[in-house]
Amino acid sequence: MKKLAAFALALFMLALSGCGGGKDTEGPSSGGGSGIGGVLSGLRGGRELRMNVAADGDSVWLTAANTFQTLIEERTEGRYRVRIYTGEQDAAEGVEALFSGEIDLDLRSLMDLQGGEPRLAAAVMPWLFTSETVDETLFRGPGKESLFSVLRERGVEPLALGENGFLQFTNNLRPVSAPEDLRGLRVWVRSEGVEADFFRLMGAEPVVLGSTEGFAALQSGDLDGQENALDTIRAGDVHLIQRYLTVWDGSYDPICLCVSGKIWDELSETDRTVFRTAAQEACTAEIAAVRQLREELIGEFEESGVEVTVLSESQKDAFRSAVSPLYDTWRAPVGDALFADFGVVFS
């Protein structure tokens, strides 16, 4: 894991100071209670909740996770503690663990979640939002509560939405500026779902792999490209092994901070308010951090040798037209009512 040495030093200093919450860069099934963090946990007392963050350990997502951890431990006066786990390798397994109640707290993208619950695809359809419409339609419109209702049906309590951001495309063969440029490319996707169907529609070949296998396949040249948010591209060092970046602002990918239904049912009404308020504050901070990074990351990628293509509105319109059949494909799994909450109305 990148920056592991710095992280280890920080954790050692944390032990000396005797404050802060434990973090573990292994997966949520790793145990995670050993070492300095585990010793501190035992000394501090209180109930430990395991929080899975489905991103690399230096992702901006940790802005939300760390803020939430701090607020929960402060506002419950240590009655609840949060141990953070990062670096999940298999998104499908992580989603299943969340829905089955194996995870106490979870922070992951809706693009991953819709792989296990198709109705959530309503929020991650390609070119559904623009940067000008996403806040009003998703965060302040009826869409958010509709998504939350779906998640509650799956046994989890959604606390707040953050932002992975608009997904952008990288590849190692050629610049991509039109739908036909995707034909024949072999593309890494995390799960079957909207993303996989999109690339098939464009004439590309989606290949479902976990994080380690997907990165290795890109590095070896077995796969040509992948789609992800700018910060995730950076955190995973994808820009170091891919030559071309297309900033096309395709699917907008929210992240959701959830607590398992089991934990939620055990919380008092006072603690429920604490958890929800802390999550909202944490995700608000994370969204601000993501948006501030956009231009900086594009510049960083260009400096590392990546050829960046930023699509014009007319070029995006060509993609919007090309993906219209995808909405018809997903009409039945999502449902007209849920689509309508995001402004999609079928004739």
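Let us look at the structure shown here. (Residues numbered from 1 in each chain as written. Predicted model: local features only at pLDDT ≥ 70, side-chain atom pairs only at ≥ 80, totals over all residues. Heavy atoms only, no water.)

Observations regarding the nonpolar core
- Of all hydrophobic cores here, the largest spans 58 residues; its most connected members are Leu 182 and Trp 248.
- Setting aside residues no more than four positions away along its own chain, Leu 182 makes contact with Phe 169, Arg 174, Val 176, Phe 198, Phe 199, Met 202, Gly 203, Ala 204, Trp 248 and Phe 319.
- Core analysis: the second largest hydrophobic core is formed by 51 residues, Met 51, Val 60, Leu 62 and Val 259 among them. (Core = buried A, V, L, I, M, F, W, Y, C linked by side-chain atoms within 4.5 Å. Buried < 20%, exposed > 50% of the residue type's maximum accessible area, 1.4 Å probe, protein only. Contact = heavy atoms within 4.5 Å.)

Digging into a negative patch on the surface
- The grouping of Glu 296, Glu 300, Glu 302 and Glu 303 at the surface amounts to a negative patch.
- Counting through the fold element by element, Glu 296 comes out in helix H12 (residues 269–303). (Patch = residues over 30% accessible without salt bridge, like charges linked within 9 Å, V, L, I, M, F, W, Y side chains within 5 Å. Areas by Shrake-Rupley, 256 points an atom, 1.4 Å probe, with all protein chains shown as cover. Salt bridge = Lys/Arg side-chain N within 4 Å of Asp/Glu carboxyl O. Lys, Arg positive; Asp, Glu negative; His and termini not counted. Charge placed at Lys NZ, Arg CZ, Asp CG, Glu CD. Helix = DSSP H or I, 4+ residues; strand = E, 2+ residues; numbered from the N terminus.)

Overview of the layout of surface pockets
- As a volume, the largest pocket reaches approximately 750 Å³.
- Only helix H5 (110–113), helix H9 (211–220), strand S9 (225–228) and helix H10 (230–235) provide two or more residues apiece to the lining of the largest pocket.
- Here the lining of the largest pocket is composed, by residue class, of 13 nonpolar, 12 polar and 10 charged. (1 Å grid on protein atoms, 1.4 Å probe; cavity = no way out; pocket = protein on both sides within 12 Å on 5 of 7 lines; lining within 4 Å. Points joined across faces, edges and corners; volume = space filled by probe spheres on them. Nonpolar A, V, L, I, M, F, W, Y, C, P; charged D, E, K, R; others polar.)

Considerations on the pairing of strand S4 (residues 105–109)
- Counting buried positions over the 5 residues of S4 gives 5, a clear majority of the element.
- Of the two faces of S4, the one lined by Leu 105, Leu 107 and Ser 109 and the one lined by Asp 106 and Arg 108 are each fully buried.
- Of the pairings in the sheet, the one linking strand S2 (residues 47–53) to S4 comprises 3 bridges and is parallel in character. Each bridged residue has a counterpart across the sheet, and for Asn 52 the counterpart in S4 is Asp 106.
- Both S4 and strand S11 (residues 252–260) contribute to a ladder of 5 bridges, which runs antiparallel. Looking at S11, one finds that Ser 109 is bridged to Ile 255. (Pairing = 2+ DSSP bridges.)

Quick look at the sheet that holds strand S8 (residues 205–208)
- Read across the sheet, 6 strands follow the order S8-S7-S9-S6-S10-S12 without closing on themselves; strand pairing throughout is mixed. Of all strands in the sheet, those bounded by a partner on one side alone are S8 and strand S12 (307–310). The mean inter-strand angle of the sheet, taken between neighbouring strand axes irrespective of direction, is 25°.
- As defined by bridge partners, strand S6 (residues 168–171) adjoins strand S10 (residues 244–247) across 3 bridges and the pair is classed as antiparallel. The residue of S10 that forms the bridge with Thr 170 is Leu 245.
- Across the sheet, H9 is in contact with strand S7 (186–189) and S9; its angle to S7 comes to roughly 160°. (Axes fitted to C-alpha atoms, helices over the stretch in contact; angles between N-to-C directions.)

A short note on the pattern of salt bridges
- Taken as a whole and assessed by the stated rule, the structure comprises 28 salt bridges.
- What you see here is one network of salt bridges that share partners, running through Asp 249, Arg 294, Glu 295, Glu 313, Lys 316, Asp 317 and Arg 320.

A look at helix H8 (residues 194–201)
- Those residues of H8 that fall on the buried side of the exposure criterion are Val 194, Glu 195, Ala 196, Phe 198 and Phe 199.
- Looking at the packing, one finds that the buried side of H8 touches H5, S6, S7, S8, S9 and helix H14 (324–329).
- Downstream of H8 by one or two residues, Gly 203 has phi in the positive range, about 85°.

Regarding the side chain of Arg 108
- Its location among the elements puts Arg 108 in strand S4.
- The contact partners of Arg 108, leaving out residues within four places of it in the chain, are Asn 52, Ala 54, Trp 61, Glu 88, Ala 91, Gly 94, Val 95, Leu 98, Leu 113, Pro 254, Ile 255 and Cys 256.

Regarding the environment of Thr 70
- Within the secondary structure, Thr 70 sits in helix H3 (residues 61–75).
- Sequence separation between Thr 70 and Ala 282 is 212 residues; the distance between their C-alpha atoms is 9.5 Å.

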